[in-house]
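# Structure assessment
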Amino acid sequence: MHFEFVDMDNVKIRSMYSGLNNEKLEVVPHWHSEIEILLFQKGHCIQQIDDKYVITFPGDIVVISKNQLHSTYSYQEEPCQVLVIMADSGFIFNNETIAFQNPINDKNPKYTDMKNCIEEIHRELTQKDKAYEYKAISSLYNFFSMLLRFSDYVSETTRYNDLYKNVLKNTFGLVQNSYSTEITLEDAARASNLSVPHFCRLFKQMTGMTFKNYLQFFRINMAEKMLRLPKTVTEIAYECGFNSLTSFYRNFKKFKNYMPSEKRNSY
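Below, the structure is looked at part by part. As the structure is a prediction and not an experimental result, all values here were calculated from the model.

Rules used in this analysis
- Residues numbered from 1 in each chain as written.
- Predicted model: local features only at pLDDT ≥ 70, side-chain atom pairs only at ≥ 80, totals over all residues.
- Heavy atoms only, no water.
- Helix = DSSP H or I, 4+ residues; strand = E, 2+ residues; numbered from the N terminus.
- Buried < 20%, exposed > 50% of the residue type's maximum accessible area, 1.4 Å probe, protein only.
- Contact = heavy atoms within 4.5 Å.
- Core = buried A, V, L, I, M, F, W, Y, C linked by side-chain atoms within 4.5 Å.
- Phe/Tyr/Trp six-rings, centres within 6.5 Å; stacked < 30°, edge-to-face > 60°.
- Axes fitted to C-alpha atoms, helices over the stretch in contact; angles between N-to-C directions.
- Parallel < 35°, antiparallel > 145°, perpendicular 65-115°, else oblique.

### Focus on the environment of Thr 207
Tracing the chain through its elements places Thr 207 in helix H6 (residues 196-207). Exposure remark for Thr 207: the relative accessible area of 1% places this residue in the buried category. Considered as a pair, Thr 207 and Gln 48 are 159 residues apart in the sequence and their alpha carbons are 8.0 Å apart. Every residue in contact with Thr 207, bar those within four places of it in the chain, is listed here: Pro 29, Gln 48, Tyr 53, Leu 69 and Phe 172.

Set out below in structure tokens:
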């Protein structure tokens, strides 16, 4: 992942690549207060935004507004590459959550110009030439001026937005803060103040995954990041909530399609 950042006049912009190492993408469902712009450059992905799923193609643009639940997975385990721009939402949308009609492609009359803006933002943040902050922010405003003028969108106050913010939020927080310990299905449902059957239906509807798969997926992603650290695989497995190496290796292979040693050797 390549990462650049600018903070100017209280506008924060981040730029990064996902999938630079010819790898499949697996980004678990999550949300945040920033706007996220995705430019898919290689491979096909399944992109979730709230309760909707689309297959993206190279060249597609996806815009995710603040607090929208979203995830990204490689389609049929294809290697994928995505250029990601993230920016504070308040600089343009204040307290609104805007739902855009995704993906944006060459059917949009301003598609090429919008794509050029995304690439220019990343280029300016990476090269850091004189006055690059102004160029990056200018391109960001230019992108959204075309997006709002030439794309379909609605002000989003849907039941899905309310549900994951007010109900499932506590369960996601439980996983994030306690993934290294045992978390039962009953614990997850209790955190959201739901019965187990109701929780299972809602969680699957919102994320496309069972809670068990989501928890294992989250743990494996944390373990993959920890492989950069000077720790043994056994230490990492137990710190990420696995109570046996067999289970850890089986799930790592299942979700990543390669073994921990292969990933560690690639760093």
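Having put the structure on the table, let's press on.
### A look at the nonpolar core
The biggest cluster of nonpolar side chains holds 35 residues, and the ones touching the most others in it are Leu 168, Phe 199, Phe 203, Phe 211, Tyr 214, Cys 240 and Phe 248. Mapped onto this core, the elements with two or more residues apiece are helix H4 (159-178), helix H5 (185-191), H6, helix H7 (211-226), helix H8 (233-239) and helix H9 (245-256). Among the elements that line this core, the one with the most residues is H7, at 8 residues. Setting aside residues up to four positions removed in sequence, Phe 199 forms contacts with Leu 168, Thr 171, Leu 185, Ala 188, Ala 189, Ser 192, Leu 194 and Phe 211. Membership of the second largest hydrophobic core comes to 28 residues, among which are Leu 39, Ile 98, Ile 118 and Ile 137.

### Some thoughts on the packing of aromatic side chains
Following the criterion strictly, the structure yields 16 aromatic pairs and no others. Grouping aromatic residues by their ring pairs yields a cluster made of Trp 31, Phe 172, Tyr 179, Phe 199, Phe 203, Phe 211, Tyr 214 and Phe 218.

### A closer look at the side chain of Thr 56
By the element assignment, Thr 56 lies in strand E6 (residues 52-56). Here Thr 56 falls in the buried class, since its relative accessible area comes to 0%. If near-sequence neighbours (up to four positions away) are discounted, Thr 56 is found in contact with Phe 40, Gly 43, His 44, Cys 45, Gln 47 and Val 62.

### So, the packing of H7 against H9
Two elements in contact, H7 and H9, have axes whose closest approach is 10 Å; the angle formed by their N-to-C orientations is 95°. Considering their axes alone, H7 and H9 lie roughly perpendicular with respect to each other. Of H9, the residues touching H7 (which contributes Asn 213, Gln 216, Phe 217, Ile 220, Asn 221, Ala 223 and Glu 224) are Phe 248, Asn 251, Phe 252, Lys 254, Phe 255 and Lys 256.

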